[in-house]
Amino acid sequence: MYYSMTPFGRRNDSLSNLFDQMERTFWRDTGTAYASFPTDIRDEGNQFVLKADLPGFRKEEIEVQLDNGVLTITAQHKEGETEREGQGSCLCRERHDGNCRRTFSVSGIDERAIRAAYENGVLTLTLPKETPVVPEARRINIL
């Protein structure tokens with residue numbers, strides 16, 4: 001595939017990609033919606049492992065928040081003013097300020113034991129499963 005030197009970006013014939021791009025363009029202008037990011041969740045028996053692709057973000061730009069059984073991952077990147085004031089005119093801009101957010105239900109997770117790590121653009125969350133409470137059987141004496 002070739003890349004054009006026009007500000008309209010590269011040609012992509014995928015209809016799905018066309019609609020994705022239209023949605024991103026529409027919501028970016030309003031500033032009210034967040035883009036999503038690809039995520040894999042793996043069940044490892046006693047825990048879940050969530051891996052989220054967040055390339056281009058620094059660790060300080062990512063926030064993981066837990067509130068009432070809902071885990072929210074938010075990443076916000078602000079382009080520096082020095083990048084905007086470079087020499088020459090920009091022919092194509094694909095890198096921009098951006099926000100992305102995803103939410104997940106964490107019912108059945110030991111919320112106090114969640115761990116997070118960020119390396120090479122991938123956020124990894126380890127979500128240990130709650131230990132099921134087994135009701136204790138006991139004998140009740142009759143008086």
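Shown above is the structure to which this text applies.
Just so it is clear, the structure is predicted and the values come from calculations on it, not from any experiment.

Conventions adopted
Residues numbered from 1 in each chain as written. Predicted model: local features only at pLDDT ≥ 70, side-chain atom pairs only at ≥ 80, totals over all residues. Heavy atoms only, no water. Pairing = 2+ DSSP bridges. Helix = DSSP H or I, 4+ residues; strand = E, 2+ residues; numbered from the N terminus. Axes fitted to C-alpha atoms, helices over the stretch in contact; angles between N-to-C directions. Buried < 20%, exposed > 50% of the residue type's maximum accessible area, 1.4 Å probe, protein only.

### Remarks on the sheet that holds strand β2 (residues 47-53)
Spatially, four strands are ordered β1-β2-β7-β6 in an open sheet, and the strand pairing comes out antiparallel. Each edge of the sheet is formed by a strand with only one pairing partner; in this case those strands are β1 (39-43) and β6 (115-119). Each strand axis lies, on average, 15 degrees off the axis of its neighbour in the sheet, ignoring direction.

### Notes on unusual backbone geometry
Even without glycine at this site, N68 takes up a positive phi of about 50 degrees. The topology assignment puts N68 in the loop between β3 (62-67) and β4 (70-77). Classification of N68 as exposed rests on a relative accessible area of 76%. In this model, N120 sits at a positive phi of 55 degrees, which is unusual for a non-glycine residue. Take N120: it is sitting in the loop between β6 and β7 (122-128). For N120, a relative accessible area of 75% translates into the label exposed.

### Comments concerning the pairing of β6
Pairing between β6 and β7: five bridges, direction antiparallel. Looking at the pairing, Y118 lines up with L123 of β7. Connecting β6 to the antiparallel partner β7 that follows it, the hairpin turn spans two residues, and N120 within it adopts a positive phi of roughly 55 degrees.

### Concerning the sheet that holds β4
Pairing within the open sheet is antiparallel, and its three strands lie in the order β3-β4-β5. In this open sheet, the two edge strands, each paired with only one partner strand, are β3 and β5 (98-105). Strand-to-strand twist across the sheet, computed as the mean angle between neighbouring axes with direction ignored, equals 15 degrees. Relative to β4, β3 is paired through six bridges, and the arrangement is antiparallel. The residue of β4 that forms the bridge with I62 is A75.

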